[in-house]
Amino acid sequence: MIFSSKYKFIFIEVPKTGTSSIVATLQQVDDSLRRNLIELENGKVINVSTHASAKEVREILGEESRNYTFVGFLRDPKDVLVSKYYFYKLGRIKKQVQEGSASVGLRIRHYMTHLCPLPLWVLLYPYTSSAKYVVDDSGKILLDII
């Protein structure tokens, strides 16, 4: 989650949507950006997860959330699954497995990509929709710009 007090926007970082590249670019153009931090009008600063949902951020901000434009990206679920497959197989997780720093769950995901071809892995992977990052409990979209 990126918080800009200068331009009054909040960028919701939905996993596997290219957020690392977007964040790097945003940080070059806005020196007020705070990652994983929300600044309330009373000066209080609250830590949040990198992948905090729009619902969580709006709840923390309360009425102050009306002062910000909420922005985020969604990606086709098929593209997300392919991205996750190669992320677990060849990406940062592979290095963590080699170093011994990966959790048991990440090691299982990594090894499953080596045991299963992509079509089979997709059938076995416990996929959940990325929409949970951008909607409330009733399914209402909480972003101003997607």
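Check the entry above for the structure.
Residues numbered from 1 in each chain as written. Predicted model: local features only at pLDDT ≥ 70, side-chain atom pairs only at ≥ 80, totals over all residues. Heavy atoms only, no water.

1. A look at the packing of aromatic side chains
Thinking step 1. Tallied over the entire structure, the rule returns 8 aromatic pairs.
Thinking step 2. Their ring planes at 70 degrees and their centres at 6.0 Å tell us that Phe 11 and Phe 73 sit as a pair that is edge-to-face. With Phe 11 in strand S2 (residues 9-12) and Phe 73 in the loop between strand S6 (69-72) and helix H3 (77-90), the pair connects residues that are 62 residues apart, well separated along the chain.
Thinking step 3. We classify Phe 11 as buried; its relative accessible area is 2%.
Thinking step 4. The class for Phe 73 is partly exposed, based on a relative accessible area of 37%. (Phe/Tyr/Trp six-rings, centres within 6.5 Å; stacked < 30°, edge-to-face > 60°. Helix = DSSP H or I, 4+ residues; strand = E, 2+ residues; numbered from the N terminus. Buried < 20%, exposed > 50% of the residue type's maximum accessible area, 1.4 Å probe, protein only.)

2. Focus: the nonpolar core
Thinking step 1. One finds Met 1, Ile 10, Ile 12, Ile 38, Val 57, Leu 61 and Phe 70 to be the most contacted residues of the largest nonpolar core, which totals 19 residues.
Thinking step 2. Secondary structure elements with two or more residues in this core: S2 and helix H2 (54-61).
Thinking step 3. In terms of residues, this core owes the most to one element, H2, which gives 3 residues.
Thinking step 4. If near-sequence neighbours (up to four positions away) are discounted, Ile 38 is found in contact with Met 1, Phe 3, Lys 44, Val 45, Ile 46, Val 48, Val 57, Ile 60 and Leu 61.
Thinking step 5. In this structure, Tyr 85, Tyr 88, Cys 116 and Tyr 125 belong to the second largest nonpolar core, which totals 11 residues. (Core = buried A, V, L, I, M, F, W, Y, C linked by side-chain atoms within 4.5 Å. Contact = heavy atoms within 4.5 Å.)

3. Section: the sheet that holds strand S1 (residues 2-4)
Thinking step 1. Spatial ordering of the open sheet is given by S3-S1-S2-S6, a layout of 4 strands whose pairing is mixed. Only two strands of the sheet have a single neighbouring strand rather than two, namely strand S3 (33-35) and S6. With direction set aside, neighbouring strand axes in the sheet form an average angle of 20 degrees.
Thinking step 2. Where S2 lies against S6, 4 bridges are found, and the strand directions are parallel. Looking across to S6, one finds that Phe 9 is bridged to Thr 69.
Thinking step 3. Docked against the sheet, helix H1 (residues 19-29) engages S1, S2 and S3, running at close to 155 degrees with respect to S2. (Pairing = 2+ DSSP bridges. Axes fitted to C-alpha atoms, helices over the stretch in contact; angles between N-to-C directions.)

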